[in-house]
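Observations on the model geometry
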Amino acid sequence: MRSVVKVLRYTLVIIALVIFSLLILLQTERFQTFIAQRVANWIGEETHCIVQIERIGMSLDGSIFVNNLYISDQQNDTLLFAQKINAKGIHPFEENEPLSIEFAALENFVFNYTSSKEGVSNLDFLIEYFSSDEDVSDTSQTSFKLGKLMLTDGQFRYSDYA
């Protein structure tokens, strides 16, 4: 009986150490970047485009930074490139509350939007991929709050081939 209690105690200590180690690891920028790059590659494969992130960091206070984010469209043209993205005061969805970001900044960015003669844009594939199958006819509950947005050294390009 003592050996069972001893094994159980060691097992619980090992489980606690693994959980504690994972929590510490999740706070490191290197691990966050590793996970974000894997997710970006997966999204790129799913959507048949290129999604790359050089570096990312998140903190417990709800701030995030991303360095060198690149997203191509399905023709492998640049859809979005941002050298630096910073966001602070991120408050995720809570019941009856919108997603809110107190401050966001993009530095050295390019956003290219094109629309074809058929009315299809180079952004539609991402909108479709992230869209829900649920009925969204009632959009009164859908909202997003952005306190302050700072854009530095950016380019927006809009091409309409209609």
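So, about the sheet that holds strand 2 (residues 64-72). Reading across from one edge, 1-2-3-4-5 is the order of the five strands in this open sheet, with mixed pairing throughout. Of all the strands in the sheet, the pair left with one neighbour each is strand 1 (51-58) and strand 5 (144-160). Across the sheet, the mean angle separating the axes of adjacent strands is 15° when strand polarity is ignored. For strand 1 and strand 2, the ladder comprises seven bridges, and the chain directions are antiparallel. What sits directly across from Met 58, in strand 2, is Ile 64. Contacts between helix 2 (residues 29-47) and the sheet are confined to strand 1 and strand 2, with strand 1 contributing the most and set at about 150° to the helix.

Moving on to the packing of aromatic side chains. Counting across every chain of the model gives five aromatic pairs. Ring centres 5.6 Å apart and planes at 10° place the aromatic pair Tyr 113 and Tyr 158 in the stacked group. Here Tyr 113, found in strand 4 (residues 99-115), pairs with Tyr 158, found in strand 5; they are 45 residues apart in sequence, far enough to count as distant. We classify Tyr 158 as exposed; its relative accessible area is 58%. Consider the rings of Tyr 129 and Phe 130, whose centres lie 4.9 Å apart with planes at 85°: the pair is edge-to-face. With relative accessibility at 54%, the residue Phe 130 sits in the exposed group. An aromatic cluster is built from Phe 109, Phe 111 and Phe 156, whose rings are joined through pairwise contacts.

On to a nonpolar patch on the surface, then. On the surface, Leu 8, Leu 12, Ile 15, Ile 19, Leu 23 and Leu 26 cluster together to form a nonpolar patch covering roughly 580 Å² of accessible area. Looking at where Leu 26 falls in the secondary structure, it is placed in helix 1 (residues 2-26).

Here the focus is unusual backbone geometry. Despite not being glycine, His 48 has its phi angle at roughly 60°, a positive value. Position of His 48 relative to the elements: it lies in the loop between helix 2 and strand 1. On the basis of relative accessibility, which here comes to 59%, the residue His 48 falls in the exposed class. You will see that Asp 153, though not glycine, has its phi angle at about 50°, which is positive. Summarising the element assignment, Asp 153 is placed in strand 5.

Val 51, Ile 53, Val 66, Leu 69, Ile 71 and Ile 85 are the most contacted members of the largest nonpolar core, which has 18 residues in total. When residues of this core are traced back to their parent elements, those giving at least two are helix 2, strand 1, strand 2, strand 3 (78-91), strand 4 and helix 3 (124-130). Among the elements that make up this core, the one with the highest residue count is strand 3 (four residues). Each residue touching Ile 71, except ones within four places of it in the same chain, is listed here: Ile 50, Val 51, Asp 77, Thr 78, Leu 79, Leu 80 and Leu 126.

Reading the values: rules and limits
Residues numbered from 1 in each chain as written. Predicted model: local features only at pLDDT ≥ 70, side-chain atom pairs only at ≥ 80, totals over all residues. Heavy atoms only, no water. Pairing = 2+ DSSP bridges. Helix = DSSP H or I, 4+ residues; strand = E, 2+ residues; numbered from the N terminus. Axes fitted to C-alpha atoms, helices over the stretch in contact; angles between N-to-C directions. Contact = heavy atoms within 4.5 Å. Phe/Tyr/Trp six-rings, centres within 6.5 Å; stacked < 30°, edge-to-face > 60°. Buried < 20%, exposed > 50% of the residue type's maximum accessible area, 1.4 Å probe, protein only. Patch = residues over 30% accessible without salt bridge, like charges linked within 9 Å, V, L, I, M, F, W, Y side chains within 5 Å. Areas by Shrake-Rupley, 256 points an atom, 1.4 Å probe, with all protein chains shown as cover. Salt bridge = Lys/Arg side-chain N within 4 Å of Asp/Glu carboxyl O. Core = buried A, V, L, I, M, F, W, Y, C linked by side-chain atoms within 4.5 Å.

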